[in-house]
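Okay, here's what each chain looks like letter by letter:
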Amino acid sequence: MEEASKPGRRPRAAPIAESLAKLIGQQIADGVYRPGDKLPTESAIMQAYGVSRTVVREALSKLQAGGLVETLHGVGTFVL
């Protein structure tokens, strides 16, 4: 039995983070966020999508690895 399917265990954040990354990536592709735009704060994304900070950070990390965004510590995350 997989860890995530055992009673009392919460599913891992990875699938949720991947979905969030795809959603934000699609918003970038659709022009909702354009190059140079600053994405909403982690807190704003958490509230808007009802996810944890861990999920948001993992999603932003996936977007950064894909070359869609750049995170500047203490400043924010910007679309490339």
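Look up a bit, the structure's there.
Here's a quick rundown of the structure. (Residues numbered from 1 in each chain as written. Predicted model: local features only at pLDDT ≥ 70, side-chain atom pairs only at ≥ 80, totals over all residues. Heavy atoms only, no water.)

**Quick look at the nonpolar core**
Link 1 in the chain: In terms of nonpolar packing, the biggest core is built from 16 residues, with Leu-20, Ile-24, Ile-28, Leu-39, Val-56 and Leu-63 touching the most fellow members.
Link 2 in the chain: Broken down by secondary-structure element, the contributors of at least two residues to this core are α1 (14–29) and α3 (53–65).
Link 3 in the chain: With sequence-adjacent residues up to four places away left out, Ile-28 is seen in contact with Tyr-33, Leu-68, Val-69 and Val-79. (Core = buried A, V, L, I, M, F, W, Y, C linked by side-chain atoms within 4.5 Å. Buried < 20%, exposed > 50% of the residue type's maximum accessible area, 1.4 Å probe, protein only. Helix = DSSP H or I, 4+ residues; strand = E, 2+ residues; numbered from the N terminus. Contact = heavy atoms within 4.5 Å.)

**Some words on the pattern of salt bridges**
Link 1 in the chain: Within this structure, the stated rule accounts for three salt bridges.
Link 2 in the chain: Across the pair Arg-53 and Glu-42 runs a salt bridge, and its minimum N-O distance is 2.7 Å. Highlighted residues: Arg-53 in helix α3 and Glu-42 in helix α2 (residues 42–49), separated in sequence by 11 residues.
Link 3 in the chain: Under the relative-accessibility criterion, Glu-42 is labelled partly exposed at 22%.
Link 4 in the chain: A salt bridge links Glu-42 to Arg-57; its shortest N-O distance comes to 3.1 Å. Residue Glu-42 is found in helix α2, and its partner Arg-57 is found in helix α3; the two are separated by 15 residues along the sequence.
Link 5 in the chain: When its relative accessible area of 49% is taken as the criterion, Arg-57 is described as partly exposed.
Link 6 in the chain: One continuous salt-bridge network, built from bridges that share partners, spans Glu-42, Arg-53 and Arg-57. (Salt bridge = Lys/Arg side-chain N within 4 Å of Asp/Glu carboxyl O.)

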